[in-house]
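Analysis of the macromolecular model
Residues per chain are reported as follows:
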Amino acid sequence: MIDQYDNEEVYCRKLGHHLKFSYCRRERENLPCAGIRNCWFRRIPLDEFLSENYTEEELEMMERPVKSKMETIYDIITRAKGNSDK
């Protein structure tokens, strides 16, 4: 059951406040946050949860590095400029 731990909370060092597991397990386009193992390994049987609920391909995608904040901002600006030219 994918939502069995959804109400558990932990402090997120990335965002700087407490979050429920439900957020962490779908933070990246319905894939878990890349840092999920660091935050949750002591609270739930995480490796078991991930292997039961995600394919190998999804887990590999989850572990890919995320864009930096600057890259993300640049992408947003580029898209906005593209839309304003129309």
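Residues numbered from 1 in each chain as written. Predicted model: local features only at pLDDT ≥ 70, side-chain atom pairs only at ≥ 80, totals over all residues. Heavy atoms only, no water.

Focus: the pattern of salt bridges
Overall, the coordinates contain 5 salt bridges when judged by the stated rule. A salt bridge links R43 to E8; its shortest N-O distance comes to 3.2 Å. Within this pair, whereas R43 is found in the loop between α2 (36-40) and α3 (46-53), its partner E8 is found in the segment before β1 (9-12), the two being separated by 35 residues in sequence. Take E8: its relative accessible area is 32%, and that puts it in the partly exposed class. One salt bridge connects E27 with K14, and the closest N-O pair in it is separated by 2.8 Å. Here E27 is found in the loop between α1 (21-24) and α2, whereas its partner K14 is found in the loop between β1 and β2 (17-20), with 13 residues between them in sequence. Taking relative accessible area as the criterion, E27 reaches 23% and is therefore assigned partly exposed. Each of the salt bridges in this network shares a partner with another, and the network as a whole consists of R37, D47 and E63. (Salt bridge = Lys/Arg side-chain N within 4 Å of Asp/Glu carboxyl O. Helix = DSSP H or I, 4+ residues; strand = E, 2+ residues; numbered from the N terminus. Buried < 20%, exposed > 50% of the residue type's maximum accessible area, 1.4 Å probe, protein only.)

As for the packing of aromatic side chains
In the structure shown here, the tally under the stated rule is 5 aromatic pairs. Taking 6.3 Å as the distance between ring centres and 85° as the angle between the ring planes, the aromatic pair formed by Y5 and F21 counts as edge-to-face. Taken as a pair, Y5 in the segment before β1 and F21 in helix α1 lie far apart in primary sequence, 16 residues in all. For Y5, a relative accessible area of 19% translates into the label buried. The exposure class assigned to F21 is buried, which follows from its relative accessible area of 0%. Where F21 meets F49, the ring centres are 5.1 Å apart and the plane angle is 75°; that geometry is what we call edge-to-face. Taken together, the residues span a long stretch of sequence, with F21 in helix α1 and F49 in helix α3 at a distance of 28 residues. Per residue, the accessibility class of F21 equals that of F49, and both read buried. Taken together through their ring pairs, the aromatic side chains of Y5, F21, W40, F49 and Y54 make up a single cluster. (Phe/Tyr/Trp six-rings, centres within 6.5 Å; stacked < 30°, edge-to-face > 60°.)

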